[in-house]
Amino acid sequence: MQQGDQFNQVTVDWHQPGISIDPGGLAPFAANAEDIAAFRRDGVVLLRGASTEWVETLRAGLQRNLDKPGQYAFPCESNPSGAPGRFFDSYCNWQLIPEYLDYVSHSNAASIAGQFMDSDYAQFFHEHAFMKAPGTQHATPWHQDLPYYCVDGDKTASVYVALDHADVDVAVQFVRGSHRWNRLFYPRVFEDGSAFNDDQPDARMEAVPDIDANREQYDIATWPLQPGDTIVFDFRTLHGTGDATVGSIRRAFSTRWLGDDVTYCERPGETSPPYVDHGMQHGDRMRSDWFPVLWRAN
Ligand SMILES: O=C(O)CCC(=O)C(=O)O
Ligand SMILES: [Fe+2]
């Protein structure tokens, strides 16, 4: 099996173009200038409690996925076999899990993304959910999200909602300013941290540096999180976690948003999600019938 295959293993027909969302049903968010400036400068900003009202809904959606992983898209177990705990993730289920569709259709996520990206519009790409069970000692390897994706651009945002309390030793961490380094790093397999796609070299990419061994060289942002705390980060911002033992369940739900300069990008290696038959050429705008535009600047 080629490295990375497990990441993109398709189990279900997850893509159902045709679901339409009325952008009029989305909640607004009032972003403040200081937070927007921090996002531009650091590539990451924490919005305390911005999604508290969605925690129960998103937990319920994720529980469907955890109960029957094979009925949903791209289930991935990244805990090495025999290791304590469980590290599960799954993505591209917003059309299959009603609670996720509810969130995408009615939450403030599109409004948050649009304002922080400083974009004329916020276009929805997909969602990604994560769960580390108590006892897990497995780091999320440091990575950027952009190199995994079939998109390129400067205006991108993930809206990451913490669904549980997480102390700093297990919470996701970010390298401030790494979105402006003008560097891209090979995507990594979450199970063992190895790079995938480096057998199909991409002149723009290099291996992720050893951040944990040289933490003093980086400006690392990390916060203890409460359910509903929301982190907005650029697809190019390096992020990951340490390998401290997870004391209590640690779930999170990210939605991925594209701004007005984002285009479809062919990369030498496989990208994720593995969209097929989309008809887009390198450099095209992302088709809005597959990736709905859910927010527009006034
Ligand atoms: O929460 C984690 O451990 C990783 C989250 C992540 O990589 C993401 O949301 O892009
Ligand atoms: Fe990530």
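Right above here is the structure, for reference.
Residues numbered from 1 in each chain as written. Chains lettered and ligands numbered in written order. Predicted model: local features only at pLDDT ≥ 70, side-chain atom pairs only at ≥ 80, totals over all residues.

**Q** Mind showing me how you'd approach the site of ligand 1 here?
**A** Inspection of the region around ligand 1 gives His128, Phe130, Thr140, Asp145, Ser158, Tyr160, Val172, His239, Thr241, Ala252 and Ser254 as its neighbouring residues. Every element with two or more residues in the shell around ligand 1 is listed here: strand E4 (121–132), strand E6 (156–162) and strand E13 (250–258). (Near = placed C-beta within 6 Å. Helix = DSSP H or I, 4+ residues; strand = E, 2+ residues; numbered from the N terminus.)

**Q** Sorry if this is basic, but what is going on with unusual backbone geometry here?
**A** A negative phi angle is the norm for most residues apart from glycine, just as the trans form is the norm for most peptide bonds. A cis amide bond links Ser272 to the next residue, Pro273, at an omega of -5 degrees. Assignment of secondary structure puts Pro273 in the loop between strand E14 (263–264) and strand E15 (293–296). Phi at Asp118 takes a positive value of approximately 55 degrees, unusual for a residue other than glycine. Along the chain, Asp118 falls in the loop between helix H4 (109–117) and E4.

**Q** Where do I start with helix H3 (residues 98–106) in this structure?
**A** Residues lying three or four places apart along an α-helix face the same way, a consequence of the helix completing one turn every 3.6 residues. Burial in H3 covers these residues: Glu99, Tyr100, Tyr103 and Val104. Along H3, the residues classed as buried sweep out an arc of 135 degrees about the axis, all on the same side. In this structure, the buried side of H3 is in contact with helix H2 (55–67), E4 and E13. (Buried ≥ 20, exposed ≤ 12 C-beta atoms within 10 Å, placed from the backbone. Arc of directions from axis to C-beta. Contact = placed C-beta atoms within 7 Å.)

**Q** It is not clear to me how the nonpolar core should be interpreted in this structure. Could you clarify?
**A** Nonpolar side chains in soluble globular proteins tend to be buried together. Residues Ala113, Val159, Val161, Val232 and Trp257 are the most contacted members of the largest nonpolar core, which totals 77 residues. Here this core gets seven residues from one element, more than from any other, and that element is E4. Excluding residues that lie within four positions of it along the chain, Val159 makes contacts with Ala109, Ile112, Ala113, Thr230, Val232, Ser254, Thr255 and Trp257. (Core = buried A, V, L, I, M, F, W, Y, C linked by C-beta atoms within 7 Å.)

**Q** I'm lost on the environment of Ser78 in this one. Help?
**A** Take Ser78: it is sitting in the loop between strand E2 (76–77) and strand E3 (87–91). Sequence separation between Ser78 and His138 is 60 residues; the distance between their C-alpha atoms is 8.3 Å. With residues up to four places along the chain from it excluded, the contact list for Ser78 reads Phe87, Asp89, His138, Phe190 and Glu191.

**Q** Help me understand H4, please; the structure alone is not making it clear to me.
**A** In terms of burial, H4 is largely enclosed, as nine of its nine residues are buried. Those residues of H4 that sit buried are Ala109, Ala110, Ser111, Ile112, Ala113, Gly114, Gln115, Phe116 and Met117. Phi for Asp118, located one or two positions after H4, is positive at around 55 degrees.

**Q** How should I be thinking about the pairing of E3 in this particular structure?
**A** On a regular strand, one side chain projects to one face of the sheet and the next to the other, so that they alternate. The buried count for E3 comes to five of five residues, which makes it a mostly enclosed element. Of the two faces of E3, the one lined by Phe87, Asp89 and Tyr91 and the one lined by Phe88 and Ser90 are each fully buried. By the bridge criterion, two bridges tie E2 to E3 in an arrangement that is antiparallel. Residue pairing for E3: Glu77 is matched across the bridge by Phe88. (Pairing = 2+ DSSP bridges.)

**Q** Mind showing me how you'd approach the sheet that holds strand E10 (residues 220–221) here?
**A** Strand pairing in a sheet is mediated by backbone hydrogen bonds. Such pairs are either parallel or antiparallel. Reading across from one edge, E10-E7-E12 is the order of the three strands in this open sheet, with antiparallel pairing throughout. Each having just a single partner strand, E10 and strand E12 (239–240) make up the two edges of the open sheet. Across two bridges, strand E7 (residues 173–175) lies against E12 in antiparallel orientation. If you follow Gln173 over to E12, its bridge partner there is Gly240.

**Q** Is there a simple way to explain the packing of H2 against H3 in this structure?
**A** A packed helix pair is summarised by two numbers, namely the angle formed by the two axes and the spacing between the axes. It is the contact of H2 with H3, at a shortest axis distance of 7 Å, that shows an interaxial angle of 145 degrees. The chirality of how H2 crosses H3 is left-handed. Packed against H2, whose contacting residues are Thr57, Leu58, Ala60 and Gly61, the element H3 presents Glu99, Tyr100, Asp102 and Tyr103 at the interface. Here the residues of the contact of H2 with H3 are counted per class, giving four nonpolar, two polar and two charged. (Axes fitted to C-alpha atoms, helices over the stretch in contact; angles between N-to-C directions. Left-handed = near helix turned anticlockwise from the far one by under 90°. Nonpolar A, V, L, I, M, F, W, Y, C, P; charged D, E, K, R; others polar.)

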